[in-house]
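This is what each chain is made of:
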Amino acid sequence: MHSAKTKPKTIDEYLAALSDDKRAALEKLRKTIRAAAPKAEECISYGLAAFRLNGRPLVAFGASANHCAFHPMNSTRVEACQDELENFETSKGTIRFQADNPLPAARVRKLVKARIAENGG
């Protein structure tokens, strides 16, 4: 998505480079995360749009050619709610979804709140 020369420095820059459908899906995800973690700060981490809380990674999200992804930045978090994510493709620490089938906001809020607790926030 991004060339080495124009690495995004902000989430806005990251989203600007995406297709409309992925940008819209990730904007919704961003709003849900912000609402669940109002004290978290936005950043770019490992080339992904991310949130930090108390200086520590909280969650991240991004898009590739074939899907969007939400990263709770803790591999056990995805495993812990595997049954509630049966309609989504998951791997260690990543939940993949299509722009037209976004993660439910309630599920995202629950994951973000769990990560805040783990982060000591």
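Rules of the game
Residues numbered from 1 in each chain as written. Predicted model: local features only at pLDDT ≥ 70, side-chain atom pairs only at ≥ 80, totals over all residues. Heavy atoms only, no water. Axes fitted to C-alpha atoms, helices over the stretch in contact; angles between N-to-C directions. Helix = DSSP H or I, 4+ residues; strand = E, 2+ residues; numbered from the N terminus. Parallel < 35°, antiparallel > 145°, perpendicular 65-115°, else oblique. Left-handed = near helix turned anticlockwise from the far one by under 90°. Contact = heavy atoms within 4.5 Å. Nonpolar A, V, L, I, M, F, W, Y, C, P; charged D, E, K, R; others polar. Pairing = 2+ DSSP bridges. Buried < 20%, exposed > 50% of the residue type's maximum accessible area, 1.4 Å probe, protein only. Expected span 1.5 Å × (residues − 1). Arc of directions from axis to C-beta.

### Some points on the packing of helix α2 (residues 20-36) against helix α4 (residues 105-118)
Piece 1. Look at α2 against α4: their axes get within 9 Å of each other, and the N-to-C directions meet at 45°. Classified by the interaxial angle, the pair formed by α2 and α4 is oblique. Judged by the twist between their axes, the crossing of α2 over α4 is right-handed. The segment α2 lies against α4, with L29, T32, I33 and A36 engaging A105, V108, R109, V112, K113 and I116.
Piece 2. Grouping the constituent residues of the contact of α2 with α4 by class yields seven nonpolar, one polar and two charged.

### With respect to the sheet that holds strand β6 (residues 94-97)
Piece 1. With antiparallel pairing, six strands are arranged side by side in an open sheet as β1-β2-β3-β4-β6-β5. A strand with exactly one partner marks an edge of an open sheet, and here the two such strands are β1 (41-45) and β5 (89-91). The average undirected angle you get between the axes of adjacent strands in this sheet is 25°.
Piece 2. Pairing of β5 with β6, which is carried by three bridges, proceeds in the antiparallel orientation.

### Some thoughts on the side chain of R115
Piece 1. Looking at where R115 falls in the secondary structure, it is placed in helix α4.
Piece 2. Using a relative accessible area of 6% as the deciding quantity, one classes R115 as buried.
Piece 3. Excluding its chain neighbours within four sequence positions, the residues that come into contact with R115 are P57, L58, V59, P72, M73, N74 and R77.

### Concerning α2
Piece 1. With 17 residues, α2 ought to run about 24 Å at 1.5 Å a step, and its terminal C-alpha atoms sit 24 Å apart, in line with that.
Piece 2. Along α2, the positions that sit buried rather than exposed are K22, A25, L26, L29, R30, T32, I33 and A36. Each buried residue of α2 lies within a common arc of 165° when the element is viewed along its axis, so the set occupies one face. Turned more than 90 degrees from where α2 packs its buried face, D20, K28, K31 and A35 sit exposed.

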